[in-house]
Amino acid sequence: MPVHPLASPRPAGRLEVIAGPMFSGKSEELMRRVRRAKIAGVKVLVVSHSLDTGSDLSAITSHIGVNIPSVPVGDVESLAEVARDEDWGLVAIDEAQFFGPDLVPVVLDLMTRGTTVIVEGLCVTFDGGPFEPMPTFMAGAEDVLKLTAVCTICGRDAVFHQRVGSPARTNGQMATNGQMATNGQIGDAVDQTPFEPRATDIDASHIGGLESYVARCREHFAPPH
Ligand SMILES: Nc1ncnc2c1ncn2[C@@H]1O[C@H](COP(=O)(O)OP(=O)(O)O)[C@@H](O)[C@H]1O
Ligand SMILES: Cc1cn([C@H]2C[C@H](O)[C@@H](COP(=O)(O)O)O2)c(=O)[nH]c1=O
Ligand SMILES: [Zn+2]
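What you see is a predicted model, and the numbers here were worked out from it, not measured in a lab.

A.B. asks: Quick rundown of the nonpolar core? Include the residues and the values.
C.D. replies: Grouped together as the largest cluster of nonpolar side chains are 29 residues, with contacts concentrated most on Leu15, Ile93, Leu103, Val107, Val119 and Phe137. Only β1 (14-20), β2 (44-49), α3 (76-85), β6 (90-93), α4 (103-112), β7 (116-122) and α5 (134-140) provide two or more residues apiece to this core. If we ignore the near neighbours within four places in the chain, the residues touching Val119 are Leu15, Glu16, Val17, Ile18, Ile93, Ala96, Val107, Met134 and Phe137. With 13 residues, the next largest nonpolar core counts Val34, Ala37, Val46 and Leu90 among its residues.

A.B. asks: Give a description of the coordination of the zinc ion (ligand 3) that names residues and reports values.
C.D. replies: Around the zinc ion (ligand 3), the protein contributes the donor atoms Cys151 (SG), Cys154 (SG), Cys217 (SG) and His220 (ND1), at 2.2 to 2.3 Å from the metal centre. The site at the zinc ion (ligand 3) holds 4 donor atoms, and with the angles between them running 98 to 117°, its shape is tetrahedral. Counting along the primary sequence, the residues that act as donors to the zinc ion (ligand 3) give the motif C-x2-C-x62-C-x2-H. The exposure class of His220 is partly exposed, given its relative accessible area of 23%.

A.B. asks: Give a detailed account of α3, specifying residues and quantitative values.
C.D. replies: Each α-helix turn comprises 3.6 residues. Residues three or four places apart therefore point the same way. Within the span of α3, buried status applies to Val76, Leu79, Ala80 and Ala83. Across the axial projection of α3, the buried residues extend over an arc of 100°, all falling on one side. For α3, the exposed residues set more than 90 degrees away from the buried face come down to Glu77, Glu81 and Asp85. Tucked inside the fold, the buried residues of α3 contact β2, β5 (71-73), β6 and α4.

A.B. asks: Please give an account of the packing of α3 against α4 that cites residues and values.
C.D. replies: Running from N to C, α3 and α4 point in directions that differ by 10°, and their axes come no closer than 10 Å. As far as their axial angle goes, α4 and α3 are roughly parallel. Of the residues in α4, those in contact with Val76, Leu79, Ala80, Ala83 and Arg84 of α3 are Leu103, Val106, Asp109 and Leu110. Of the residues assigned to the contact of α3 with α4, the class counts are 7 nonpolar, no polar and 2 charged.

A.B. asks: Go over the environment of Glu132 with me, naming the residues and quoting the values.
C.D. replies: Its location among the elements puts Glu132 in the loop between β7 and α5. Its relative accessible area of 33% is what places Glu132 among the partly exposed residues. Residue contacts for Glu132: discarding those within four places in its chain leaves Gln97, Gly100 and Pro101. Only 2.7 Å separates the side chain of Glu132 from the side chain of Thr136, close enough to count as a polar contact.

A.B. asks: Describe the site of ligand 2, with residues and values.
C.D. replies: The environment of ligand 2 is made up of 17 residues, and the closest members are Lys26, Asp52, His63, Glu95 and Phe126. Take His63: an N or O atom from its side chain is 2.7 Å from an oxygen atom of ligand 2. Alone, ligand 2 offers 490 Å² of accessible surface; in the complex the protein occludes 97% of this.

A.B. asks: Quick one: what's the story with the sheet that holds β2, residue by residue and with numbers?
C.D. replies: In space, the 6 strands of this open sheet follow the order β5-β2-β6-β7-β1-β8, with parallel pairing throughout. In this open sheet, the two strands that pair with only one neighbour each are β5 and β8 (143-146). Strand after strand, the sheet turns through a mean of 20° between neighbouring axes, direction not considered. The sheet contact formed by β1 and β8 spans 4 bridges and is parallel. Bridged to Glu16 within β8 is Asp143.

A.B. asks: Go over α4, please, and point to the residues and values.
C.D. replies: For α4, the tally of buried residues reaches 8 of 10 residues, placing the bulk of the element in the interior. Among the structural elements, β1, α3, β6, β7 and α5 are those in contact with the buried residues of α4. Just downstream of α4, Gly114 is the residue with a positive phi angle, here 95°.

A.B. asks: Help me get a handle on the UniProt feature "binding site: Zn(2+)" (unreviewed entry) in the protein, residues and values and all.
C.D. replies: As annotated in UniProt, the feature "binding site: Zn(2+)" (unreviewed entry) corresponds to Cys151, Cys154, Cys217 and His220 in the numbering used here. A stretch of 70 residues holds the annotated residues, and the largest C-alpha distance among them is 8.2 Å, short enough that they meet in one place. Tracing the chain through its elements places Cys217 in the segment after β12 (213-216). Those residues in contact with Cys217 that sit more than four places away from it in its chain are Cys151, Cys154, Arg156, Asp157, Ala158, Val159 and Phe160.

Procedures and definitions
Residues numbered from 1 in each chain as written. Chains lettered and ligands numbered in written order. Predicted model: local features only at pLDDT ≥ 70, side-chain atom pairs only at ≥ 80, totals over all residues. Heavy atoms only, no water. Core = buried A, V, L, I, M, F, W, Y, C linked by side-chain atoms within 4.5 Å. Buried < 20%, exposed > 50% of the residue type's maximum accessible area, 1.4 Å probe, protein only. Helix = DSSP H or I, 4+ residues; strand = E, 2+ residues; numbered from the N terminus. Contact = heavy atoms within 4.5 Å. Donors = N, O, S within 2.8 Å, 3.2 Å for Na, K, Ca; no water. Tetrahedral: all angles 85-135°; square planar, octahedral: opposite > 155°, others 65-115°. Arc of directions from axis to C-beta. Axes fitted to C-alpha atoms, helices over the stretch in contact; angles between N-to-C directions. Parallel < 35°, antiparallel > 145°, perpendicular 65-115°, else oblique. Nonpolar A, V, L, I, M, F, W, Y, C, P; charged D, E, K, R; others polar. Polar contact = N/O pair within 3.5 Å; in protein donor to acceptor, adjacent residues only side chain to side chain. Near = heavy atom within 4 Å. Areas by Shrake-Rupley, 256 points an atom, 1.4 Å probe, with all protein chains shown as cover. Pairing = 2+ DSSP bridges. UniProt positions renumbered as here; feature names shortened; annotations may be inferred.

Structure representation (structure tokens):
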């Protein structure tokens, strides 16, 4: 039987997960926990993905505009470097889905050093599919908080989110998780045909907030065809 990738035979820290759709309060909850840890004198590192924060911004911001300082990194290798640099008591990772499945061994390594890790992110894509690595983290965590937003049609709990307006199209760029968002191989001549990145691709055209996404309950969620 396969062992969960977060299982460790060595003394380990703790994994806390904050998961849910957009607008469910994940960032607010992450900020609350970070503030508490700092009051308790814990040495805290907050990391975010530079695709989401913008490379010149060093903060994570909730949908209502509250923010806390963070270190923006562009990929999982840079995250690992920053996190191993010092002896952090708590490493809080914002928008963990942007780092892809390679984040799992990095989190395991941090826990093996005795660090508490909080991963916050989307567990479902805009087309309703699982968004790794959050489901893997949810299965292997000591503590999971699964949040819901408010469906903007009926007010019930929203587990999903939907894109609004016509989706932006990108053209022959490589997704930042290293996957080509076209059908081509890395190194192939770039196909100039407009394409739609897959929902699991980490692509700049997917970045957005209230202008691009709405929260939807099970009944009112209509996955794209
Ligand atoms: N449809 C919605 N459901 C719930 N909260 C919403 C919705 N739209 C806007 N908000 C606001 O967003 C806040 C949550 O923001 P945030 O913590 O950034 O969420 P997340 O990180 O999960 O996207 C809520 O407290 C609320 O003020
Ligand atoms: C559904 C979905 C969203 N995104 C992007 C859109 C936003 O920039 C972030 C999520 O931010 P939040 O703090 O959780 O509201 O992710 C995406 O890239 N792919 C998706 O499927
Ligand atoms: Zn609804």
